[in-house]
Amino acid sequence: MSIAVLSLGESATVKEALARLNESGKGILLLIAGDGRFLRTVTDGDLRRLLLASGSLDETLSNLPRISSVTIPPRYTRQEALGLMQKHGINHLPVVDEANRVVDVLERSRIGEQILLSTPHMGDSELDFIAEAFETNWIAPLGPNVDAFERELAEKVGASHAVALSSGTAAIHLALIMLGVAPGDVVFCSTLTFAASANPIVYQGAEPVFIDSEPESWNMSPEALERALFEAYNAGRLPKAVIVVNLYGQSADMDPIIALCQRYGVPIVEDAAESLGASYKDKPSGTFGAMGIYSFNGNKIITTSGGGMLVTENEDFAKRARFYATQARDPAPHYQHSTIGYNYRMSNILAGVGRGQLRVLDERVNARRRVFNTYRSLLADLQWLHWMPEPSWSRSNHWLSVATLDDDSPIKAKDLITLLSADFIEARPVWKPMHLQPVFAECQYYPHHPASVSDSLFERGICLPSGSNMTDESIDRVVSAIKSVA
Ligand SMILES: *Cc1c(COP(=O)(O)O)cnc(C)c1O
């Protein structure tokens, strides 16, 4: 808000003040002394009382009573400012510096604006696809939008088959079922991920073994994987599958991982829930394993509010996944079942949202990459802040903008998160690794050599607001909040 347009001296008349109030439209003025010091705020009501008492529009503001208005010093948090406004029932709060000069005026209607980590961002065509589903009464699960979404996504990532599902977790679960994972089996999984990557291993009664990250991409360490495979081979307990996660929109270093898995004959499930639209050596992320999975959960780069997709080159996997996802109904009219199935299919309505979202995927990737690059350049002078690296073989979708803080940074990651939250900015720690989760405490873990990389990323990492719909103003707010600690 422009301070000049709100500022008036004591010699100003009621008439001038009313005209100024009218002009600014803010409902508040600042009474400023000849030497620039702040005296008090002036509202409509103050002017009305002055006018009633004197009976003249030419009365000057010097006759206003000298009350002391509520102000806040420049290093405020939004939480403090909002608290003061609520407490005093005021809608404007002057920010006053040590020399008693107004440097800003905060507005209650704007001070509470939250900047969230990652919010849905709809395009122009989602509603059209939903409307079509309504008009044709294809509200039931399955239908033309589901078929089209599968076809369009498969084409987008260059996969032969895609199966639309109710969630990314369901997609991982079905992938493990396709690979025959059963009680007593072992499945390897990246440790630095969201629990949904690993939970389906346990659904199948199998045992997860967690593999650390390497520092170059923060994804599965080929070195730790090699050790784990070698030991498993010697113990006669090779895993049934390796779930490779592409963290925060960046592919793992697939070539060495694929080479290792091929050497031991172990299939890969690629958890690309966070990396749709990213690529590894120019090939779309999610298309490297026996099966890949994507998520369309509300916080992902594109969303159907909830949903997932399984992609594969193997027609048999795709057919069987569809079969299991629709309650494993045998081809008979009388509801016959020879195996246990699941209700995992995507609805035709949500697939309509997905089709619309897929059309803006490239824009969403570019927008998230821009958010990341803007943070990086605006915060370049903070030596203690290190951005998630992007190796030359990777084109990340930068689903989240993530950084780590040095040991000698002026603040710890968790305190920075608290500080940002007092400014209504949602930041999060890096995923808590699976091998540190109470529920997986008994599971085996292979750290990268010599020390665990994921432990350190968890301790020092911070995920910043990264939505594709973030304005420059919001990015600037995050940047200044971080700079304020330096
Ligand atoms: C979101 C996510 C999932 C789960 O996807 P849902 O659609 O929410 O079930 C799995 N793995 C990772 C890495 C994720 O980020």
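As recorded in an unreviewed UniProt entry, the protein goes by GDP-perosamine synthase and comes from Agrobacterium albertimagni AOL15. We quote the UniProt Pathway (unreviewed entry) comment for the protein here in full: "Bacterial outer membrane biogenesis; LPS O-antigen biosynthesis." Entered under Cofactor (unreviewed entry) in the UniProt record, the comment concerning the protein runs "pyridoxal 5'-phosphate".

Evaluation of the coordinates by the stated rule reveals 24 salt bridges. Where arginine 320 meets aspartate 316, a salt bridge forms, and the shortest distance between an N and an O atom there is 3.4 Å. Of this pair, arginine 320 and aspartate 316 both sit in helix H11 (residues 315-325), four residues apart, roughly one helical turn. Measuring nitrogen to oxygen at the nearest pair gives 2.6 Å for the salt bridge that ties aspartate 407 to arginine 460. Note that aspartate 407 is positioned in the loop between strand S17 (401-405) and helix H14 (413-422) and arginine 460 in helix H15 (residues 453-460), a separation of 53 residues in sequence. Through salt bridges with shared partners, a single network forms among Arg40, Asp46 and Arg49.

Before going further, it helps to spend a moment on the nonpolar core. By size, the foremost hydrophobic cluster in this structure holds 36 residues, and its most contacted members are Leu165, Leu176, Val187, Ile201, Phe210, Ile243 and Leu310. Contributions of two or more residues to this core are made by strand S6 (161-165), helix H7 (168-178), strand S7 (186-190), strand S9 (241-245), strand S13 (291-295) and H11. Top contributing element to this core by residue count: H7, with eight residues. Residues lining this core come from more than one domain, with at least three contributed by each of domain 2 (126-358) and domain 3 (361-483). Setting aside residues up to four positions removed in sequence, leucine 310 forms contacts with His161, Ala162, Val163, Leu165, Ala171, Ala175, Met291, Gly292, Ile293 and Ala321. Counting residues in each nonpolar core, the second largest holds 34 residues, with Leu117, Leu153, Tyr248 and Val453 among its members.

Domain boundaries assigned for the protein yield domain 1 (3-76 + 93-104), domain 2 (126-358) and domain 3 (361-483). Placing a centre on the C-alpha atoms of domain 1 and another on those of domain 2 gives a separation of 62 Å.

Our focus in this paragraph is the UniProt feature "domain: CBS" (unreviewed entry) in the protein. Under the present numbering, the feature "domain: CBS" (unreviewed entry) in UniProt falls on residues 1-59 and 64-125. Annotated as residues 64-125, this span is 24% helix and 18% strand, and its ends, taken at the C-alpha atoms, are 58 Å apart.

Turning our eyes to something else, we now look at the side chain of arginine 477. Its place among the elements puts arginine 477 in helix H16 (residues 472-483). Despite its burial, arginine 477 pairs with no opposite charge, the nearest such side chain being glutamate 113 at 4.6 Å. Once residues lying within four places of it in the same chain are set aside, the contact partners of arginine 477 are Arg78, Glu113, Ile115, Asp423, Phe424 and Ile425.

Another point: the layout of surface pockets. A volume near 760 Å³ is recorded for the largest pocket. In terms of residue count, H16 provides more of the lining of the largest pocket than any other element does, five residues in total. Along the lines of polarity and charge, the residues of the lining of the largest pocket split into 11 nonpolar, five polar and nine charged. Counting the residues that make up the lining of the largest pocket, at least three belong to each of domain 1 (3-76 + 93-104) and domain 3 (361-483).

For H11, the set of buried residues is Phe317, Ala318, Ala321, Tyr324 and Ala325. Considered in projection along H11, the buried side chains sweep an arc of 130 degrees and stay on one side of the axis. Where H11 begins, the side chain of asparagine 314 points an oxygen toward the backbone nitrogen of aspartate 316, at a separation of 2.9 Å. Downstream of H11 by one or two residues, glutamine 327 has phi in the positive range, about 70 degrees.

On to H16, then. Given 3.6 residues to a turn, an α-helix orients residues that are three or four positions apart in the same direction. Look at H16: 16 Å from first C-alpha to last across 12 residues, which is about the 16 Å you get at 1.5 Å a residue. If you check which residues of H16 are buried, you get Ser474, Ile475, Arg477, Val478, Val479, Ala481 and Ile482. Elements in contact with the buried residues of H16: helix H3 (78-88), helix H13 (361-378), H14 and strand S20 (461-464).

Within the structure, the ligand sits among 15 residues, and Gly168, Thr169, Glu274, Ser295 and Lys300 are positioned closest to it. Between an oxygen atom of the ligand and a side-chain N or O atom of threonine 169, the distance comes to 2.5 Å. A distance of 2.8 Å separates a nitrogen atom of the ligand from a polar side-chain atom of aspartate 271. Compared with its free state, where it exposes 380 Å², the ligand has 94% of that area covered by protein. The residue inventory of the shell around the ligand, partitioned by class, reads four nonpolar, eight polar and three charged.

The next subject is a negative patch on the surface. Together, Asp124, Asp128, Glu132 and Glu135 make up a negatively charged patch on the protein surface. Turning to its location among the elements, aspartate 128 is positioned in helix H5 (residues 126-135).

Another point: the sheet that holds S20. What holds strands together in a sheet is hydrogen bonding between their backbones, with the strands either parallel or antiparallel. The sheet built from four strands is open, its strands ordered S15-S17-S20-S18 with antiparallel pairing. The open sheet is flanked by strand S15 (385-387) and strand S18 (428-429), the only strands paired with a single partner. Note: S17 against S20, four bridges, orientation antiparallel. Within S20, the position partnered with alanine 403 by the bridge is isoleucine 462. Most of the contacts of H13 go to S17, to which it runs at about 30 degrees, and overall it touches S15, S17 and S20. Lying over the sheet, H15 contacts S17 and S20, oriented at roughly 55 degrees with respect to S20.

Criteria and thresholds
Residues numbered from 1 in each chain as written. Predicted model: local features only at pLDDT ≥ 70, side-chain atom pairs only at ≥ 80, totals over all residues. Heavy atoms only, no water. UniProt positions renumbered as here; feature names shortened; annotations may be inferred. Salt bridge = Lys/Arg side-chain N within 4 Å of Asp/Glu carboxyl O. Helix = DSSP H or I, 4+ residues; strand = E, 2+ residues; numbered from the N terminus. Core = buried A, V, L, I, M, F, W, Y, C linked by side-chain atoms within 4.5 Å. Buried < 20%, exposed > 50% of the residue type's maximum accessible area, 1.4 Å probe, protein only. Domains from an automatic or database assignment. Contact = heavy atoms within 4.5 Å. Lys, Arg positive; Asp, Glu negative; His and termini not counted. 1 Å grid on protein atoms, 1.4 Å probe; cavity = no way out; pocket = protein on both sides within 12 Å on 5 of 7 lines; lining within 4 Å. Points joined across faces, edges and corners; volume = space filled by probe spheres on them. Nonpolar A, V, L, I, M, F, W, Y, C, P; charged D, E, K, R; others polar. Arc of directions from axis to C-beta. Polar contact = N/O pair within 3.5 Å; in protein donor to acceptor, adjacent residues only side chain to side chain. Expected span 1.5 Å × (residues − 1). Near = heavy atom within 4 Å. Areas by Shrake-Rupley, 256 points an atom, 1.4 Å probe, with all protein chains shown as cover. Patch = residues over 30% accessible without salt bridge, like charges linked within 9 Å, V, L, I, M, F, W, Y side chains within 5 Å. Charge placed at Lys NZ, Arg CZ, Asp CG, Glu CD. Pairing = 2+ DSSP bridges. Axes fitted to C-alpha atoms, helices over the stretch in contact; angles between N-to-C directions.

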